Amino acid sequence: MTIASPDQAELYLARITDSQRRLLDDLDLEPLDPKTPTRLPGWTVGHLLTHVARHADATARMAVAAAIGVTTEKYVGGGAGRAAEIEAGAGRDWGALVADVEVSAVACDVTLAALPDEVWAGEVSTPQESYPAMRLLMSRWREVEVHRLDLGGDHHSGQWPGDFARTFLPDELTLLPTRAPGVAVPDGLADHEVLAWLLGRGGPDLPELPAWG
């Protein structure tokens, strides 16, 4: 991922807030059965919304850790802890799931907005790696927008903000020759459709790619 400049932190904070609000608006308008399968293999709506909520918590957690200079896991308990929390939360009813997504989103917004600007010029450190703090903001924005598609129904990549594909498509195109040698971008697709395909969210008639991520 090409990391945005720290002077774009305010822009990304606004993007996150907007994307989270649009997701919550969707959830308010269209109640779903938490047991309904999503586009992600093995995950129901309950799994997906729990993940989105815990990702908000993790984003805020890592941003605070960066601000105070602490090295920590993104998720409590690492990957196993992440999986356990998702599984534990997946069976809740619709109201509990939506409340979790909303509370965690607002808490994430408030936490990120309260941090000093210099945090975004610094780094985040886990026991495995260190990376620019701006990656947290970019990843949160991408996470919310991509997982809106995974809910299925009427959600599609044409609903992404116009600057979403402009931000993430160039890197994904650069990776394509290594990821899938000999596979070309299909003709006649809009940029958002190409990005959806590269992120593993394309239509059934498009060339199959190795799993994204």
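Just so you know, these numbers come straight off a predicted model, no measurement behind them.

Provide a residue-level description of the packing of helix H1 (residues 9–29) against helix H5 (residues 134–150), including the pertinent values.
Contact geometry of H1 with H5 gives a least axis separation of 9 Å together with a crossing angle of 25 degrees. Considering their axes alone, H1 and H5 lie roughly parallel with respect to each other. Our pair here, H1 against H5, has a crossing hand that is left-handed. Contacts between H1 and H5 involve Ala9, Tyr12, Leu13, Arg15, Ile16, Ser19, Gln20, Arg22, Leu23 and Asp26 from the former and Met134, Leu137, Met138, Arg140, Trp141, Val144, Glu145 and Arg148 from the latter. The class makeup of the residues in the contact of H1 with H5 is 10 nonpolar, two polar and six charged.

Now, about the nonpolar core: what can you tell me, with residues and values included?
Counting residues in hydrophobic clusters, the biggest one holds 37 residues, and the most contacted among them are Trp120, Leu137, Trp160 and Leu195. Elements supplying a minimum of two residues to this core: H1, helix H2 (45–68), helix H4 (94–114), H5, helix H6 (162–179) and helix H7 (191–198). Sort the elements by how many residues they give to this core and H5 lands first, with seven residues. If near-sequence neighbours (up to four positions away) are discounted, Leu137 is found in contact with Ala9, Tyr12, Leu13, Ile16, Leu112 and Trp120.

Hey, could you go over the layout of surface pockets for me, with residue numbers and the actual values?
Summary: where empty space remains is shown by rolling a probe the size of a single water molecule over the atoms. Its volume calculated, the largest pocket comes out at about 840 Å³. Lining the largest pocket are 28 residues; nearest its centre among them are His55, Lys74, Arg142, Glu143 and Trp212. Secondary-structure elements contributing two or more residues to the lining of the largest pocket are H2, helix H3 (78–89), H5 and H6. For the lining of the largest pocket, the leading source of residues is H5, giving seven residues. Tallied by class, the residues present in the lining of the largest pocket amount to 10 nonpolar, eight polar and 10 charged.

Cut-off values and rules
Residues numbered from 1 in each chain as written. Predicted model: local features only at pLDDT ≥ 70, side-chain atom pairs only at ≥ 80, totals over all residues. Heavy atoms only, no water. Axes fitted to C-alpha atoms, helices over the stretch in contact; angles between N-to-C directions. Helix = DSSP H or I, 4+ residues; strand = E, 2+ residues; numbered from the N terminus. Parallel < 35°, antiparallel > 145°, perpendicular 65-115°, else oblique. Left-handed = near helix turned anticlockwise from the far one by under 90°. Contact = heavy atoms within 4.5 Å. Nonpolar A, V, L, I, M, F, W, Y, C, P; charged D, E, K, R; others polar. Core = buried A, V, L, I, M, F, W, Y, C linked by side-chain atoms within 4.5 Å. Buried < 20%, exposed > 50% of the residue type's maximum accessible area, 1.4 Å probe, protein only. 1 Å grid on protein atoms, 1.4 Å probe; cavity = no way out; pocket = protein on both sides within 12 Å on 5 of 7 lines; lining within 4 Å. Points joined across faces, edges and corners; volume = space filled by probe spheres on them.

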